[in-house]
Amino acid sequence: MSHLVPRVHYYRAGTSISSSSRRSRSSYYNTSQHLIRRLLSSKINVKKTLDSDDKPPNPQAFVKTRLTPGEFDPLSDIYGKPRNPLYRPRWRNKAQIISAEDFAARPKVSFEEQFDSMHDAMVVLSWLDEEKRQDVYQMYLELTVQQDREFKTTSHEYIMRVIGEKFNLTPMRVAAIVQNCHDEEQAAKEGKTLNETMAKYVDAKIKEHIDNAYMAYGEVNPNQFVEYPTGSSDIGSASREVVKVEDLYNVDELTRQAALREEGEAQRLIDTKVYIEDVDTGKIDSKANADCYKLIENVQSNFKQVKEILSRNQDDCLEFPLPWNRGGGEGAVAEQEEEEEEEKEGQEKNSKQRRKRWKYVAQIINVREQKKVGKKSRRGAKVKKHQQKENTLVDDGHTLRVATVEEVAQTSWRSETNEDEALYRGVKAAWLDRKLKGKKHVWGRVPAEMRMKSKQAQEAAAQEQKVQLQEKEDGQDQLQSDGETPVSSSSKDKK
C-alpha cells in the first residue's frame, strides 16, 4: 500500500494540518529535491532551533541583530534571483484567515460570485497610520547614527531589515516609508508642510471603515498593519504534482526532517549574508581587465603629443565664447548674483567660462570572455556571472581612465538594479552628503526654527502675491469706472 503526497506543500507553524485558521505562521518556497517537500512543520520549536549556540560568524562587525527567517520569494527560481528568506515577514498578528494550502486547494467552480467571509477570501484589512510611520522613520535615524558612531560605517540594507523585523514589515516597505518621510522633511525645510488635520481625519475614517467591516463579518480586527503572505493571490501555491511514497517510509518523520533542513538553510543564508555598505560610489573604480589598463597605458604614452596639440587654449576667448550657465534654474541665478557681488568687491573673475566638458564612455568587449560565462574553462572551473567585469572606460577632459561605479550605473550595460537600493537611493545619498561632505540639514529631522522660518517666509510670499493680485484687480475696476469701454471701428460701421 502506498500514499500519494503533494510534491510541493505549503504549511505554516502554529496549528495542525486540518485546521483552517492560522495564528502564527510562516511559509517557505522550497527548491531542494526532497522526497517530501513540506516547508514548515508545526512540530518544530522554531525558537529553540534558532537560539542554538553554533551561530556562523558574520564577516561584518556592525551586524549585531540576528534576524529570523520569514517567507521565501516564490518567484525567485523562475526569474533566476537568489533566494531571499526575508521576502515576507513571519506571520505575527491576530488576523484569522485560511491557510495558503487550503486556499490553493479550494474548489475552482462555485455557485457564489464572492467569498462568504474575509477568512475564506484570505483577506486582511489593515492601515498604516501616521504614528507608526513616524516610529519607523525615528528608529531609522537612531540606528543610522548609532551604527556610524560605533563602527564608523553604515549599511542601509541591514538597517531596513532590522526595522522590518521589529515592526513586522517587508524591507521594501520600510525603505519606501523612510524615503517618503525624508522627502517630507526636506519639503518642510522649504516651508511646504502637510495638512496634519486632514491626515488625522483620513486615518480615523479608514480605521472606522475597517472596524465596521470586521464587525459585519463577525471576525477579529488585527488593529495593526499586516503584510499579505505569499499565496494570498495564488502566488507560490501548491502544485498538483504528487509523488508515490511507500509505507516503508515514516511520512511524519520525513516531513519533520525536511522542515528542519530548510529552517537551518534559511537561517544560514541570513547569518552569512554580506550587506551592502554605504560608500561614495563616485570614488570607487569599477572592475576592468588587463586589456583596459593596457589600453590606458598606451594612450597616455603614445598620444601625449597629440593631446597637447589638440588641447584648448583657455586664454583664447574664441575657444571659450560662451559663459558657463550651470544648467539654469534658481540655483544658477543665485550663483550668478554671488559672482556679481564678488566682482563688485574687486575680485578677479573670468566672465567667459565654458561649461564642463562632456564625458565620453566606452565599453571594451572581449567576446572570448563572454563565451566563458556559465561554461567550463580549460582549468575546469566555471566563470560565474558576478565575476564578469564592466570594462568601462571614460574620457574625462582628455584623460582616459577606468569608470567609477556611479558612472557605470548610468550606462545602458549596467548590472541589474537592486530594488531596495533604488527605493532609498535619495535618503542614502543625503546621508552620505552629510557624513562625507559635511552638508547640514540635508538628512534627518529639520529643526523647528528652520521649519517655522520657511513657513513664515512662504506665507509672507503668498500674502504679497495676493496683495499684488488685489491691486491689479482694483486698478482694472478703476479704469472701467472712469471711462467707457472702447468701441471698435467695425462695430461703429455696423451701427
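The text that follows walks through the structure, step by step, so that each part is easy to find. (Residues numbered from 1 in each chain as written. Predicted model: local features only at pLDDT ≥ 70, side-chain atom pairs only at ≥ 80, totals over all residues. Heavy atoms only, no water.)

### Things to note about the packing of aromatic side chains
We apply this condition: Ring geometry is summarised as follows: Phe, Tyr and Trp rings, the Trp one being its six-membered ring, pair when their centres sit within 6.5 Å, and such pairs are stacked at plane angles under 30 degrees, edge-to-face over 60 and tilted between the two. Secondary structure elements follow DSSP: runs of H or I of four or more residues count as helices, runs of E of two or more count as strands, with numbering from the N terminus. A 1.4 Å probe rolled over the protein chains alone gives each residue an accessible area, and that area as a share of the maximum for its type sets the label: buried under 20%, exposed over 50%, partly exposed in between. By the criterion adopted, a ring carries a charge over it if an Arg CZ or a Lys NZ lies within 6 Å of its centre and within 35 degrees of its normal.
With the rule as written, the count across this model stands at six aromatic pairs. With 5.2 Å between their ring centres and 65° between their planes, Tyr 158 and Tyr 275 make a pair best called edge-to-face. Of the two residues, Tyr 158 is situated in helix α5 (residues 156-167) and Tyr 275 in the loop between α8 (251-271) and α9 (290-302); the sequence distance between them amounts to 117 residues. As far as burial versus exposure is concerned, Tyr 158 and Tyr 275 are alike and both buried. In this structure an aromatic cluster arises from ring pairing among Tyr 137, Tyr 140, Trp 431 and Trp 443. Note that Arg 83 overlies the ring of Phe 72, its terminal NZ or CZ placed 4.0 Å from the centroid. It is Arg 88 that lies over the ring of Tyr 87; its NZ or CZ is 4.8 Å from the centre.

### Overview of the sheet that holds strand β5 (residues 360-363)
Heads up, the condition is: Two strands form a pair only when DSSP identifies at least two bridges running between them. Axis angles are defined between N-to-C directions and span 0 to 180 degrees, where every axis is a line fitted to C-alpha atoms and, for a helix, only to the segment in contact. Any two residues whose heavy atoms approach within 4.5 Å are treated as being in contact.
The three strands lie next to each other as β5-β6-β7, forming an open sheet whose pairing is antiparallel. At either end of the open sheet lies a strand with only one pairing partner, and these are β5 and β7 (400-402). Going from strand to strand, the sheet's axes swing by 30° on average, the running direction of each strand aside. In the sheet, β5 pairs with strand β6 (residues 392-395) via four bridges, with the strands oriented antiparallel. Looking at the pairing, Val 361 lines up with Val 394 of β6. Strand contacts of α9: β6 and β7, with the helix running at about 160° to β7, the strand carrying the most contacts.

### Observations regarding a nonpolar patch on the surface
For clarity, the cut-off: Each patch groups residues whose relative accessible area exceeds 30% and which form no salt bridge, using 9 Å between like charges and 5 Å between nonpolar side chains of Val, Leu, Ile, Met, Phe, Trp and Tyr. Using a 1.4 Å probe, the Shrake-Rupley method yields the accessible areas, and only the shown protein chains count as cover for residues. The term salt bridge refers to a pairing of a side-chain nitrogen on Lys or Arg with a carboxyl oxygen on Asp or Glu at a separation within 4 Å.
A cluster of nonpolar residues, Trp 127, Met 198, Tyr 201 and Val 202, forms a patch on the protein surface that exposes about 390 Å² of accessible area. Tracing the backbone shows Tyr 201 in helix α7 (residues 196-217).

### So, helix α6 (residues 171-189)
The following threshold applies: To estimate the expected span of a helix, count its residues, drop one, and scale the result by 1.5 Å.
Helix length check: α6 (19 residues) gives 27 Å between terminal C-alpha atoms against 27 Å at 1.5 Å per residue, within 8%. All of the buried residues along α6 are Pro 171, Val 174, Ala 175, Ile 177, Val 178, Gln 179, Cys 181, His 182, Glu 185, Gln 186 and Ala 188. Once α6 finishes, Gly 191 follows within two positions and takes phi at roughly 90°, a positive value.

### Topic: the nonpolar core
One recurring pattern in soluble globular proteins is that nonpolar side chains are buried together. Rule in force here: Residues enter a nonpolar core if they are buried and are Ala, Val, Leu, Ile, Met, Phe, Trp, Tyr or Cys, with the set joined through side-chain atoms within 4.5 Å.
If you look at the biggest cluster of nonpolar residues, it comprises 24 residues, and the most contacted ones within it are Val 136, Tyr 140, Ile 163, Val 178 and Trp 443. Going through the elements one at a time, α4 (130-151), α5, α6 and α15 (425-436) are the ones with two or more residues in this core. When residues no more than four places from it in sequence are discounted, the contact partners of Tyr 140 are His 156, Ile 159, Met 160, Ile 163, Val 178, Val 427 and Trp 443. Membership of the second largest hydrophobic core comes to twelve residues, among which are Ala 95, Ile 98, Ala 100 and Ile 210.

### Re the packing of α4 against α15
Here is the rule: Should an angle fall under 35 degrees it is called roughly parallel, over 145 degrees roughly antiparallel, and 65 to 115 degrees roughly perpendicular, with every other angle called oblique. Crossing handedness is defined as follows: a turn of the near helix away from the far one that is anticlockwise and smaller than a right angle gives a left-handed crossing, while the clockwise case is right-handed. Polar here means any residue other than Ala, Val, Leu, Ile, Met, Phe, Trp, Tyr, Cys and Pro, which are nonpolar, and Asp, Glu, Lys and Arg, which are charged; Gly is therefore polar.
The N-to-C vectors of α4 and α15 enclose an angle of 40°; their axes lie 13 Å apart at closest approach. Taken together, the axis directions place α4 and α15 in an arrangement best described as oblique. Considering how the two elements wind past one another, α4 and α15 form a crossing that is right-handed. Between α4, through Tyr 140, Thr 144, Val 145 and Asp 148, and α15, the contact on the second element is made entirely by Val 427, Trp 431, Arg 434 and Lys 435. Looking at the contact of α4 with α15 residue by residue, the class counts come to four nonpolar, one polar and three charged.

### Brief notes about the pattern of salt bridges
If you walk through the whole model with that rule in mind, you get 19 salt bridges. The residue Glu 208 makes a salt bridge to Lys 205 at a minimum N-O spacing of 3.7 Å. Taken together, the positions of Glu 208 and Lys 205, both in helix α7 and three residues apart, correspond to about one turn of that helix. The class for Lys 205 is partly exposed, based on a relative accessible area of 42%. For the salt bridge of Asp 433 with Lys 437, the shortest nitrogen-to-oxygen distance reads 3.7 Å. By relative accessible area, Lys 437 is classed as exposed at 56%. Residues joined by salt bridges that share partners form a network here, namely Lys 359, Asp 396, Arg 401 and Glu 407.

### Concerning the environment of Arg 401
For the record, the criterion: Between N or O atoms, a polar contact is any pair within 3.5 Å; within protein, one atom must be a potential hydrogen donor and the other a potential acceptor, and residues adjacent in sequence are included only when both atoms are from side chains.
Note that Arg 401 resides in strand β7. For Arg 401, a relative accessible area of 24% translates into the label partly exposed. Between the C-alpha atoms of Arg 401 and Asp 285, which are 116 residues apart in sequence, the distance is 9.2 Å. Excluding its chain neighbours within four sequence positions, the residues that come into contact with Arg 401 are Ile 296, Lys 359, Thr 392, Leu 393, Val 394, Asp 396 and Glu 407. Here Asp 396 takes part through its side chain, which lies 3.4 Å from a polar atom of the side chain of Arg 401.

### Considering α4
Across its 22 residues, α4 extends 32 Å between first and last C-alpha, which sits within 8% of the 32 Å expected from 1.5 Å per residue. Turning to α4, its buried residues number three or more, namely Lys 132, Arg 133, Val 136, Tyr 137, Met 139, Tyr 140, Leu 141, Thr 144, Gln 147 and Asp 148. Tucked into the core, α4 has its buried residues touching α5, α6 and α15. Backbone geometry just after α4 places Lys 152 at a positive phi near 60°.

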